[in-house]
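Single-letter residue listing:
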Amino acid sequence: MPMGHTATAEAGSGGLTATEHRLANGLRVVLSEDHLTPVAAVCLWYDVGSRHEVKGRTGLAHLFEHLMFQGSGQVKGNGHFELVQGAGGSLNGTTSFERTNYFETMPTHQLELALWLEADRMGSLLAALDEESMENQRDVVKNERRQRYDNVPYGTAFEKLTALAYPEGHPYHHTPIGSMADLDAATLEDARAFFRTYYAPNNAVLSVVGDIDPEQTLAWIEKYFGSIAAHDGKPTPRDGSLPDTMGGELREVVVEEVPARALMCAYRLPEDGTRASDAADLALTILGGGESSLLYNRLVRRDRTAVAAGFGLLRLAGAPSLGWLDVKTSGDVEVPVIEAAIDEELARFAAEGPTAEEMERAQAQLEREWLDRLGTVAGRADELCRYAVLFGDPQLALTAVERVLDVTAEEVQEAAKARLRPDNRAVLVYEPIADEDDDDADVEAAAAAGDENEEAAK
């Protein structure tokens, strides 16, 4: 099958380049040479995540991440792991709201093996998918939910806050882990239909980065992926757009066995890929990105009311991003004390804006994080896939830092003034279960108030 080759210009990122190609079946391929070490990274992003799921069948995207390691047409059982690790490589897969990815880092001379393995499961997973493998991985995912969400302190915070920040029926209202009930309800035919719809070459981007011969790599990709049929039945994802701000605070109080009180907030912020999103990222970095940040200095160092305080950006391309604030209290400090200090700091920052030194430090921090991601072959492969799938152009990965460094202090101040406000956040308060000797009436009252606020918001 012929491939359409589209050469690309060198990007301003320390000489890093990427070339783009497309197979006749629609598979997009991105290659980036780097001969520093004799390794190659293979990364495959499928344009499917939990936002593509429908009510009653949540968790299928994440379930498939597991099923893809359960065997395919020519690779039985746990063979994918065994073959990659036996060849000296490493591998994994992850699921998010917006995509599912699979990746291997191999010694250069084992690159062909990784490409063959990825092609085999893309082209023939249904040959190995049966009731036994379905039940096996369903149990694995349910156990993962117990271990990471249900049975650990603060484990349900992500699920609860996203459910508050995105209203019922919104494609981002539920998290990728899915519900136990939906996992139980999923049938083998549901899984087969999901695979046929989304695990097609024209719904994927394959990047290969590292010590590669591009011509040989393309020949292998054509050989193994070229005969896999495209699929044209993918439905358009549901619209994830929402008003600029929430228009009011949503609050829930959770009384659980946790080691300390905690305050967690999700602020609705601009979608990823926008200049406003980069400005918000800088604002959150100044306010809560590490131990030199404003909130850490205020709450942990000065007031000593918290033992940890962080503020980070969950970037999302198909819906408003979330500014994620996480504070663990110190000793018997009450949450309102912490909350008042946070609101004071946010209001001051919105009124005064960042100093030149704060801007310089935050931009340097985000530049360092970008360099760290692109500095490894696996990280670069992932970033190239990300920008290709979410924004249509892998080259944007190589120039992302330039856009961050171009943001002005005035834009950062405006992001804080418009978005980092009490009427644009979902709030989750964790209260420890009180000892019998404690007067827990206040805690129960707070929980009841939180329930009422949540019902009112709905």
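Rules and cut-offs
- Residues numbered from 1 in each chain as written.
- Predicted model: local features only at pLDDT ≥ 70, side-chain atom pairs only at ≥ 80, totals over all residues.
- Heavy atoms only, no water.
- Helix = DSSP H or I, 4+ residues; strand = E, 2+ residues; numbered from the N terminus.
- Buried < 20%, exposed > 50% of the residue type's maximum accessible area, 1.4 Å probe, protein only.
- Contact = heavy atoms within 4.5 Å.
- Areas by Shrake-Rupley, 256 points an atom, 1.4 Å probe, with all protein chains shown as cover.
- Lys, Arg positive; Asp, Glu negative; His and termini not counted.
- Charge placed at Lys NZ, Arg CZ, Asp CG, Glu CD.
- Salt bridge = Lys/Arg side-chain N within 4 Å of Asp/Glu carboxyl O.
- Pairing = 2+ DSSP bridges.
- Axes fitted to C-alpha atoms, helices over the stretch in contact; angles between N-to-C directions.
- 1 Å grid on protein atoms, 1.4 Å probe; cavity = no way out; pocket = protein on both sides within 12 Å on 5 of 7 lines; lining within 4 Å.
- Points joined across faces, edges and corners; volume = space filled by probe spheres on them.
- Expected span 1.5 Å × (residues − 1).
- Arc of directions from axis to C-beta.

Novice: I'm lost on the overall build of the protein in this one. Help?
Specialist: Within the protein one finds 16 helices and twelve strands. A buried classification covers 55% of the 458 residues belonging to the protein. Considering only residue pairs separated by 6 or more positions, the protein has 78% of its internal contacts joining residues 24 or more positions apart. Carbon and sulfur atoms make up 50% of the accessible area of the protein, which totals about 19,400 Å². Each charge class in the protein was averaged separately, 41 positive and 79 negative side chains, and the resulting centres sit 3 Å apart.

Novice: Explain the pattern of salt bridges here, please?
Specialist: Scanning the model with the defined rule gives 36 salt bridges in all. The residue Arg121 makes a salt bridge to Glu104 at a minimum N-O spacing of 3.7 Å. Taken together, the positions of Arg121 in helix α3 (residues 111-128) and Glu104 in strand β6 (residues 100-107) put the pair 17 residues apart, joining distant regions of the chain. With respect to burial, Arg121 and Glu104 carry one shared label: buried. Measuring nitrogen to oxygen at the nearest pair gives 3.0 Å for the salt bridge that ties Arg348 to Glu352. A residue pair is termed a helical-turn pair when its members lie 3 or 4 positions apart in one helix, as Arg348 and Glu352 do in helix α11 (residues 335-352) at four residues. Residues participating in the shared-partner salt-bridge network are Asp272, Asp278, Asp281, Arg315, Arg373, Glu383 and Arg386.

Novice: I would appreciate a short explanation of the sheet that holds strand β9 (residues 262-269) in the present structure.
Specialist: Strand pairing in a sheet takes place through backbone hydrogen bonds and is either antiparallel or parallel in direction. Taken in spatial order, the five strands of this open sheet run β8-β12-β9-β11-β10, and their pairing is mixed. Looking at the sheet topology across the chains shown, the edges are occupied by β8 (250-256) and β10 (306-314). On average, adjacent strands in this sheet sit at an angle of 10° to one another, irrespective of strand direction. Of the pairings in the sheet, the one linking β8 to strand β12 (residues 425-432) comprises seven bridges and is parallel in character. Bridged to Leu250 within β12 is Ala426. Where helix α10 (residues 294-302) meets the sheet, its contacts fall on β10 and β11 (321-329), and the angle it forms with β10 comes to roughly 160°.

Novice: Hey, could you run me through empty space enclosed by the protein in this one?
Specialist: Using a probe with the size of a water molecule, rolled over the atoms, empty space left in the structure can be pinpointed. Inspection of the entire model under this criterion finds three cavities of 30 Å³ or more. Empty space within the largest cavity amounts to approximately 70 Å³. Taken together, Thr285, Ile286, Gly289, Ser292, Ser293, Glu358, Arg361, Ala362 and Gln365 make up the lining of the largest cavity. Of all the secondary-structure elements, those providing two or more residues to the lining of the largest cavity are α9 (275-288) and α12 (356-375). Take the lining of the largest cavity: its biggest share by element is four residues, from α12.

Novice: When you look at helix α4 (residues 131-150) in this model, what are you seeing that I'm missing?
Specialist: Quick reminder: α-helices carry 3.6 residues per turn. Residues three or four places apart thus point the same way. Along its 20 residues, α4 runs 26 Å from first to last C-alpha, staying within 8% of the 28 Å computed at 1.5 Å per residue. Every buried residue belonging to α4 is among Ser133, Met134, Gln137, Arg138, Val141, Lys142, Glu144, Arg145 and Tyr149, and all of these are buried. The buried residues of α4 all sit within an arc of 165° when viewed along its axis, so they share a single face. α4 presents Glu132 and Gln147 as exposed residues on the side facing more than 90 degrees away from its buried surface.

Novice: Teacher, can you tell me more about unusual backbone geometry here?
Specialist: For residues besides glycine, phi is generally negative; the peptide bonds are generally trans as well. One non-glycine residue, Tyr154, adopts positive backbone phi at about 60°. Within the secondary structure, Tyr154 is located in the loop between α4 and α5 (157-165). In this structure Tyr154 comes out as buried when scored by relative accessible area, which is 14%. Although it is not a glycine, Arg304 adopts a positive phi angle of roughly 60°. Residue placement: Arg304 occurs in the loop between α10 and β10.

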